[in-house]
Every structure is written in C-alpha cells, then in structure tokens.
Amino acid sequence: MAEDIDYEALPSNAGLAVNMLAGALAGISEHAVMFPIDSIKTRMQVFATSPVAVYSGVGNAFTRISSTEGMRALWRGVSSVILGAGPAHAVHFGTLEAVKELAGGNEAGNQWVATSLAGACATIAADAFMNPFDVVKQRMQVHKSEFRSVWACAHTVYRSEGLGAFYVSYPTTLAITIPFNAIQFTVYEHIKKFANPRNEYSPQTHIMAGGIAGAVAAAVTTPLDVAKTMLQTRGTATEADIRNVKGMFDALGVIWARDGIRGFGRGLTPRVLTIMPSSALCWMSYEFFKAAIRSD
C-alpha cells in the first residue's frame, strides 16, 4: 500500500532519474520566485561610482529601481537563470543522492561526514554547468545594463572578453558553493532528523529546515560572494583596478582596499533574504516532487 512506502527510499531502477527531475523542478522554482531580491543583491555588491547606483538597503534599492527603471528591471536576466537552473539542479541533486548513498549517508545514525561530502561533491559538476549562466545573469542585472537578451549578452561577452570571462569566477564559485552546500546540507539533515525522526513527508519540516540551513550558509559565505560578483561584472566597470582583477584574491584585495571590512558584508541582507526562503522552497519542492513522482 502507498502509505507503507518510505517516501525517501529510492527505487533501484529509477532513483537517479527521480532525484534529477525533482532537483530540476525545485531549482527553477527556487530561482524564479526570489529573483528580484537577487537582483538587488547584485546591485548592492557592485562597487558603483554613480550615486544613482548606490543603495543604502533593500527597501531603498527596491523603491529606487522600481521608480526609475520600472519593475521589469528587477527581473532582467531571469531567463538565464531558468535556462541554467533546471539542468544544473538536476545534476546537483542527482550527484547529491548518489554520493550520499555511496558514502553511507542513508544509514541509521548521524552520518554528518557522508552528508557533508555529498553536499560538497554535488556542487562541483553543477557549478561547471551553471557558471556561464550566472555571469550572463549578473551582467544583465547591473545598473544601466545594455543587455535585454541572454544570447546577445553571451555573444557580446564572448566577443569582447573571450571564453575565460564565463569561468574567471569559477574557482571563487567553488570556494563559495562547496562550503555553502556542505553547511546547508548538513544543517538541513540535522534539523530534519531532529524535527522529523519518523522520516515522514512533512512540508513544514522541510520548509523550516531548508530556510534555517540556507540562512546560515548564506551568511557565512557572503564575503566570497562579493568577490564573485566583482569578477563576474568586471567587464562593466570603468575603474582599472576592478577591470583588471584576475581571480578571487585580487578581488578580495580590491574590496579591502576600497571598503575595508565593511566591503565583505555587501549584500548580506538581500543574500540571506534571497537564500533563506529560496532554500526553504527548494527543499520543500524537492521533497514534494520526490514524493509525488514515486506515488505515480
């Protein structure tokens, strides 16, 4: 009977496909819903010289962008995320579950090493796919972006800066996402097991655990996210020090020189506001789609 099936038990002949499909659907849901806040985060992290592009907070940024550029500006670049998020999350969750199973993370007890390893490994392949889409997204999000099309943006970046522009931030992305996913997945699993010891399908538990896990991971990794934004938007800058950053340590040095310790917290609030609910939505959607697909 259906109620006797453990909703997290993977059928041997369909486990990977189920997890990849659930991850793809969850990823698209997550990024699309929270995209306007992500746009504000990008704007706040860019070291702009124009006072018009300097924002004092999330509310200030939302009001000024929507009143001067229109609400549509907050959604600019969302198509790039949608194109990349589905496949990237499919790869992520497929790898996540495969490594978790191989490392013994599904066995009884607190398997924190296995779950941390699974979270770290899952992002390596996914980020290799997603990084170019993220570069295009941020180029379209910046103040006075000339791009209205993903393809036009990608073509222009490739023509003017070469293929390397799409991957100059990849090492920094991994430096963010490996600890981010390890932290997020570990916190999520701990909270889920504590709040739902019977391992039943519980949307409330998945939302709570996912939101807390995402907030913690987001806060810890924000300084590197500021560096990543600088690398991904360097082609839009007019200042030589920003345009010439070659990697993570160059970017961190410029941030320190320009803004001191405060610079590493740029965009912290919108980053947490974006990732906390999106992580909650992502994990809830993921667990829902897993349960729904298996019940068919």
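Residues numbered from 1 in each chain as written. Predicted model: local features only at pLDDT ≥ 70, side-chain atom pairs only at ≥ 80, totals over all residues. Heavy atoms only, no water.

Chemist: What am I meant to see in the overall build of the protein chain here?
Modeler: In terms of regular secondary structure, the protein chain is built from eleven helices and zero strands. Ordered by position from N to C terminus, the α and β elements of the protein chain give α-α-α-α-α-α-α-α-α-α-α. Restricting to contacts in the protein chain with at least 6 residues of sequence separation, those with at least 24 account for 76%. If you sum the accessible surface of the protein chain, you get close to 13,400 Å²; carbon and sulfur atoms cover 66% of it. (Helix = DSSP H or I, 4+ residues; strand = E, 2+ residues; numbered from the N terminus. Contact = heavy atoms within 4.5 Å. Areas by Shrake-Rupley, 256 points an atom, 1.4 Å probe, with all protein chains shown as cover.)

Chemist: I'm lost on the pattern of salt bridges in this one. Help?
Modeler: Note that side chains of opposite charge can pair when their charged atoms are close. Scanning the entire structure with this criterion turns up 14 salt bridges. Note that Lys 41 is salt-bridged to Asp 38, the shortest N-O span being 4.0 Å. With a gap of three residues between them, Lys 41 and Asp 38 both fall in helix 2 (residues 35-45), about one helical turn apart. By relative accessible area, Asp 38 is classed as buried at 13%. Here Glu 69 makes a salt bridge to Arg 43, at a shortest N to O gap of 3.0 Å. Separated by 26 residues along the polypeptide, Glu 69 in the loop between helix 3 (58-68) and helix 4 (78-102) and Arg 43 in helix 2 bring together distant segments of the chain. Given a relative accessible area of 26%, Glu 69 falls into the partly exposed group. Counted as one network, the salt bridges with shared partners bring together Asp 38, Lys 41, Asp 134, Lys 137, Asp 225, Lys 228 and Arg 271. (Salt bridge = Lys/Arg side-chain N within 4 Å of Asp/Glu carboxyl O. Buried < 20%, exposed > 50% of the residue type's maximum accessible area, 1.4 Å probe, protein only.)

Chemist: In this structure, what is going on with the packing of aromatic side chains? I would like to understand it.
Modeler: For any pair of aromatic rings, the description rests on two quantities: the centre-to-centre distance and the angle between the ring planes. Applying the stated criterion to the full structure yields six aromatic pairs. Seen from their ring centres, Phe 129 and Phe 133 are 5.5 Å apart, and the 25 degrees between their planes marks the pair as stacked. Of the two residues, Phe 129 and Phe 133 both sit in helix 5 (residues 112-141), four residues apart, roughly one turn of that helix. In this structure Phe 129 comes out as partly exposed when scored by relative accessible area, which is 36%. (Phe/Tyr/Trp six-rings, centres within 6.5 Å; stacked < 30°, edge-to-face > 60°.)

Chemist: It is not clear to me how the environment of Val 58 should be interpreted in this structure. Could you clarify?
Modeler: Tracing the backbone shows Val 58 in helix 3. When the C-alpha positions of Val 58 and Ile 37 are compared, they lie 8.0 Å apart, and in sequence the two are 21 residues distant. Contacts of Val 58, omitting those with residues within four sequence positions, involve Ile 40, Met 44, Thr 269, Pro 270 and Leu 273.

Chemist: Sorry, what's going on with helix 6 (residues 150-161) here?
Modeler: Working note: α-helix, 3.6 residues per turn, so residues spaced by three or four point in the same direction. With twelve residues, helix 6 should cover 16 Å at 1.5 Å per step; its first-to-last C-alpha distance of 16 Å lies within 8% of that length. Looking at the buried positions of helix 6, the neighbouring elements they touch are helix 4 and helix 5. With a side-chain oxygen lying 3.3 Å from the backbone nitrogen of Trp 151, the N-terminal cap of helix 6 falls on Ser 149. Positive phi shows up at Gly 162, right after helix 6, with a value of about 85 degrees. (Expected span 1.5 Å × (residues − 1). Polar contact = N/O pair within 3.5 Å; in protein donor to acceptor, adjacent residues only side chain to side chain.)

Chemist: Could you clarify how one ought to interpret the environment of Ser 160 in this entry?
Modeler: Along the chain, Ser 160 falls in helix 6. Using a relative accessible area of 51% as the deciding quantity, one classes Ser 160 as exposed. Only 2.7 Å separates the side chain of Ser 160 from the backbone oxygen of Thr 156, close enough to count as a polar contact.

Chemist: What am I meant to see in the side chain of Ser 39 here?
Modeler: Here Ser 39 is to be found in helix 2. On the accessibility criterion, Ser 39 (2% relative accessible area) is buried. Not counting residues within four places of it along the chain, the set of residues in contact with Ser 39 comprises Leu 74, Arg 76 and Gln 141.

Chemist: Help me out: how do you make sense of a nonpolar patch on the surface in this one?
Modeler: Together, Met 208, Ile 212, Val 216 and Val 220 make up an exposed nonpolar region whose accessible area comes to about 310 Å². Along the chain, the position of Met 208 falls in helix 8 (residues 203-232). (Patch = residues over 30% accessible without salt bridge, like charges linked within 9 Å, V, L, I, M, F, W, Y side chains within 5 Å.)

Chemist: I keep staring at the layout of surface pockets and nothing clicks. Help me out?
Modeler: Using a probe with the size of a water molecule, rolled over the atoms, empty space left in the structure can be pinpointed. The space that makes up the largest pocket amounts to roughly 550 Å³. Together, 29 residues line the largest pocket, and Val 46, Val 142, His 143, Thr 236 and Ala 237 are the ones closest to its centre. Of all the elements in the fold, those that place two or more residues in the lining of the largest pocket are helix 2, helix 6 and helix 8. If you tally residues by element for the lining of the largest pocket, the top one is helix 6, at four residues. Residue composition of the lining of the largest pocket, grouped by class: eleven nonpolar, twelve polar and six charged. (1 Å grid on protein atoms, 1.4 Å probe; cavity = no way out; pocket = protein on both sides within 12 Å on 5 of 7 lines; lining within 4 Å. Points joined across faces, edges and corners; volume = space filled by probe spheres on them. Nonpolar A, V, L, I, M, F, W, Y, C, P; charged D, E, K, R; others polar.)

Chemist: It is not clear to me how the confidence of the model for the protein chain should be interpreted in this structure. Could you clarify?
Modeler: The predicted coordinates should not be examined in detail at positions where pLDDT is low. Within the protein chain, residue pLDDT values average 85, and 90% of them lie at 70 or more. Within the protein chain, no element has a lower average pLDDT than helix 1 (residues 15-33), which sits at 71, and none a higher one than helix 10 (residues 248-259), at 96. The model gives residues 1-13 a pLDDT under 50, and that stretch makes 18 contacts with residues more than four places away or in other chains. (pLDDT = per-residue confidence, 0-100.)

Chemist: It is not clear to me how the side chain of Gln 232 should be interpreted in this structure. Could you clarify?
Modeler: Relative to the elements of secondary structure, Gln 232 occurs in helix 8. Within polar-contact distance, the side chain of Gln 232 engages the side chain of Asp 134 at 3.0 Å.

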